[in-house]
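Tertiary structure, described
Here is how the chains run, residue by residue.
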Amino acid sequence: MSREQIIAGNWKMYKTTKEAVDFIENLKSKVGSSLASIYLAVPFTMISETAKAAEGTNIIIGAQNMNDATEGAFTGEIAGIMLKDAGAEFVLLGHSERRHIFKESNEFIQKKLERALKDDLQPILCIGETQEERDSEKTEEVLETQIKTALKNVSEKDMEKVVVAYEPVWAIGTGKTATPEIAEKAHAYIRKVLKELYGKTISDKISILYGGSVKPANIEALMNEKNIDGALIGGASLDPDTFAEVINKC
Ligand code: 13P
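Every value quoted in this text rests on a predicted model; they were computed, and no experiment measured them. (Residues numbered from 1 in each chain as written. Predicted model: local features only at pLDDT ≥ 70, side-chain atom pairs only at ≥ 80, totals over all residues. Heavy atoms only, no water.)

Considerations on the site of the ligand
In the vicinity of the ligand there are 13 residues, among which Lys12, His95, Gly173, Ser213 and Gly235 approach most closely. Separating an oxygen atom of the ligand from a side-chain N or O atom of Lys12 is a distance of 2.8 Å. Taking His95, its side chain carries an N or O atom lying 2.8 Å from an oxygen atom of the ligand. The residue inventory of the shell around the ligand, partitioned by class, reads four nonpolar, seven polar and two charged. (Near = heavy atom within 4 Å. Polar contact = N/O pair within 3.5 Å; in protein donor to acceptor, adjacent residues only side chain to side chain. Nonpolar A, V, L, I, M, F, W, Y, C, P; charged D, E, K, R; others polar.)

Digging into helix H5 (residues 106-118)
Between the first and last C-alpha of H5 there are 19 Å, a value that for 13 residues agrees with the 18 Å anticipated at 1.5 Å per step. Where the residues of H5 are buried, they touch strand S4 (90-93), helix H4 (96-100), strand S5 (122-127), helix H7 (139-150) and helix H8 (156-159). Directly after H5, the chain includes Asp120, whose backbone phi takes a positive value near 65°. (Helix = DSSP H or I, 4+ residues; strand = E, 2+ residues; numbered from the N terminus. Expected span 1.5 Å × (residues − 1). Contact = heavy atoms within 4.5 Å.)

Quick notes on the packing of aromatic side chains
Taken as a whole and assessed by the stated rule, the structure comprises four aromatic pairs. Where Trp11 meets Phe23, the ring centres are 4.7 Å apart and the plane angle is 75°; that geometry is what we call edge-to-face. Of the two residues, Trp11 sits in the loop between strand S1 (6-10) and helix H1 (17-28) while Phe23 sits in helix H1, which places them 12 residues apart along the sequence. Phe23 carries the same exposure label as Trp11, and that label is buried. With centroids separated by 6.3 Å and ring planes inclined at 45°, the aromatic side chains of Phe23 and Phe243 adopt a geometry described as tilted. With Phe23 in helix H1 and Phe243 in helix H12 (residues 240-248), this pair connects stretches of sequence that are 220 residues apart. (Phe/Tyr/Trp six-rings, centres within 6.5 Å; stacked < 30°, edge-to-face > 60°. Buried < 20%, exposed > 50% of the residue type's maximum accessible area, 1.4 Å probe, protein only.)

Digging into the packing of H1 against helix H2 (residues 47-54)
Axis separation between H1 and H2 bottoms out at 9 Å; the angle between their running directions is 20°. By the angle class used here, H1 and H2 are roughly parallel. Handedness of the H1/H2 crossing: right-handed. Contact with H1, carried on its side by Thr17, Ala20, Val21, Ile24, Glu25 and Lys28, involves Glu49, Thr50, Ala53 and Ala54 of H2 and no other residues of that element. Among the residues forming the contact of H1 with H2, the class breakdown is five nonpolar, two polar and three charged. (Axes fitted to C-alpha atoms, helices over the stretch in contact; angles between N-to-C directions. Parallel < 35°, antiparallel > 145°, perpendicular 65-115°, else oblique. Left-handed = near helix turned anticlockwise from the far one by under 90°.)

Some words on the sheet that holds S4
Sheet architecture is closed into a barrel: eight strands sit in the order S1-S2-S3-S4-S5-S6-S7-S8, paired in parallel fashion. Looking at each pair of strands side by side, their axes are set apart by 25° on average, direction ignored. Pairing of S5 with strand S6 (residues 163-166), which is carried by four bridges, proceeds in the parallel orientation. Residue Leu125 lies in a different strand from S6, and its bridge partner there is Val164. Set on the sheet, H7 makes contact with S5 and S6; between it and S5 the angle comes to about 155°. Strand contacts of H12: S1, strand S2 (37-41) and strand S8 (230-233), with the helix running at about 160° to S1, the strand carrying the most contacts. (Pairing = 2+ DSSP bridges.)

Some details on the packing of H5 against H7
Close contact between H5 and H7 brings their axes to 8 Å; oriented N to C, the two are set at 40°. Compared by their axis directions, H5 and H7 come out oblique. Like other packed secondary-structure pairs, H5 and H7 cross with a definite hand, here right-handed. Contacts between H5 and H7 involve Asn106, Glu107, Ile109, Gln110 and Leu113 from the first element and Thr145, Gln146, Thr149 and Ala150 from the second.

Dropping the structure here:
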């Protein structure tokens with residue numbers, strides 16, 4: 001079964017617009033022949049300029065978060081239609097930093113995901129367990145609840161647009177990557193839950209990305225696993241040479 005392979009960078013709260021545009025100019029000269037789709041989740045302020053810089057390339061620009069409302073008195077928030085208007089094509093939802101630092105619930109993430117689909121933004125649903133949950137053998141239970149809650153109202157047709165990213169919280173920004181075996185076990189479980197919800201044909205088509213300390217040295221071993229279809233990368237996506245190295249190893 002061939003699935004779309006996606007290498008996605010998540011820039012979190014880093015870079016100015018000029019640095020971002022320079023990055024894209026540099027990256028596009030290095031990854032033109034890549035077979036993987038290249039996604040970049042950039043800060044809101046640089047969506048527009050990076051989308052222009054990426055025009056005509058295989059680099060797709062998206063955002064890192066959005067609100068579930070279309071407009072309203074929500075100081076400091078941003079709507080999906082605003083992201084779309086600025087040139088975003090996808091949005092990360094439920095990233096562990098949103099869940100843990102900003103206390104976003106599964107229910108809130110569900111509402112955002114529903115809104116993103118209505119606003120024609122491709123959702124990348126991020127899920128993952130904490131160290132404590134893994135230690136107490138709750139990984140599968142946590143993943144199942146995160147998936148089933150977030151996808152509550154997603155139709156079979158819409159599900160074909162959704163990407164899932166498994167990011168164990170203990171592996172993010174820690175240098176502690178999950179071994180390919182640990183990651184594959186979680187990915188296979190995620191696909192099993194998706195199959196239960198949507199059947200084999202659809203679950204076989206959904207790209208599941210791994211995130212957590214991915215770098216040039218470990219991408220190949222991760223990508224060799226059957227259910228790992230790409231990566232969501234923080235630190236190693238900030239430097240164009242390192243990010244291009246990861247992409248070109250896929
Ligand atoms: P790192 O690659 O820096 O561990 O970050 C992973 C991540 O949070 C991507 O969304």
